[in-house]
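Notes for the structure review
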Amino acid sequence: MEFRLLAVGDVVGSSGIACLERHLRGLKKLYGADFCVVNGENANGVGLTPAQAEAMLAAGADVLTLGNHTFNRREIVPFLEDSREILRPANLLPSLPGRGWGLFETKLGPVAVVNLIGRCAMDFGPDNPFLIADKILKEAGEVPVFVDFHAEATSEKLAMGYYLDGRACAVWGTHTHVPTADEQILPKGTGYQTDLGMVGPVQSVIGIRPEQSIAKFRGELASRYEVAPGRCKLCAALFTVDSASRRCTNVERVTILD
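Quick summary incoming for the structure in this document. (Residues numbered from 1 in each chain as written. Predicted model: local features only at pLDDT ≥ 70, side-chain atom pairs only at ≥ 80, totals over all residues. Heavy atoms only, no water.)

1. Some details on the environment of Gly16
Structurally, the position occupied by Gly16 is in helix 1 (residues 13–31). Note on Gly16: relative accessible area 0%, which makes it buried. Between the C-alpha atoms of Gly16 and Asn42, which are 26 residues apart in sequence, the distance is 9.1 Å. For Gly16, the contacting residues outside a window of four places in its chain are Val11, Val199 and Cys232. (Helix = DSSP H or I, 4+ residues; strand = E, 2+ residues; numbered from the N terminus. Buried < 20%, exposed > 50% of the residue type's maximum accessible area, 1.4 Å probe, protein only. Contact = heavy atoms within 4.5 Å.)

2. Re the packing of helix 1 against helix 2 (residues 50–58)
Two elements in contact, helix 1 and helix 2, have axes separated by 9 Å at closest approach and are oriented at 20°. What the angle tells us is that helix 1 and helix 2 run roughly parallel. In this structure, helix 1 meets helix 2 at a crossing whose hand is left-handed. Contact residues: helix 1 offers Ile17, Leu20, Glu21 and Arg25, while helix 2 offers Gln52, Ala55, Met56, Leu57 and Ala58. For the contact of helix 1 with helix 2, the class distribution of residues is six nonpolar, one polar and two charged. (Axes fitted to C-alpha atoms, helices over the stretch in contact; angles between N-to-C directions. Parallel < 35°, antiparallel > 145°, perpendicular 65-115°, else oblique. Left-handed = near helix turned anticlockwise from the far one by under 90°. Nonpolar A, V, L, I, M, F, W, Y, C, P; charged D, E, K, R; others polar.)

3. Notes on helix 6 (residues 210–218)
All of the buried residues in helix 6 are Gln212, Ser213 and Ala215. All buried residues of helix 6 project into a common sector of 160° when viewed along the axis, lining one side. Exposed and oriented more than 90 degrees from the buried face of helix 6 are Ile214, Phe217 and Arg218. In the segment just after helix 6, Gly219 is the residue with positive phi, at about 85°. (Arc of directions from axis to C-beta.)

Take a look at the structure:
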């Protein structure tokens, strides 16, 4: 028996949510996906609200993961405490609301989904994600493990992939909003992609109006970022896992244009 997990990149803004609502269920059916993990930390541009989280779950996400914008909208805090289907990075301070990993029932039986955040060029100092990953894998036991590593540096993401090779079924990166062309199966059987990309506007700079990013890099006075208008794309990856060996047998990049 095979188990197929669809991992979807950062959803950006209301247009990204609408794109997810239009395509996710059909995409899951098309690819025979048994489970779906969506990164939702940019659903409000930065951060997300409970209503946005509920909309993405209703659209077909089984689990939502987050990242460096987890607490930009503080109204999400009670939702983090009450909902099992939303995860924040596990290597944030343990005193902060929410949980960083969970067990979820699937046709494969219980699987663990883990959310971690990187430390390179992220402008803050969470706990060491490599050491926290070790701790979580020990607590999770023998169940299949899937990891969303929300990080900036490709080197840190690749290092995590190789570090968890043979111990996790799949490791994928989020945060940079640009899909990488390196989907692969690592030597010990872990599926990997450095970054999934995003669900957001095609004509944009990582989802934002291009003129705003240009102004920032020119050193002009910054304005509040706005999600770019226009058609959207949905970027994801499909990881196929053999249920007996728990090794990834195939990784496929998925892109849908509105």
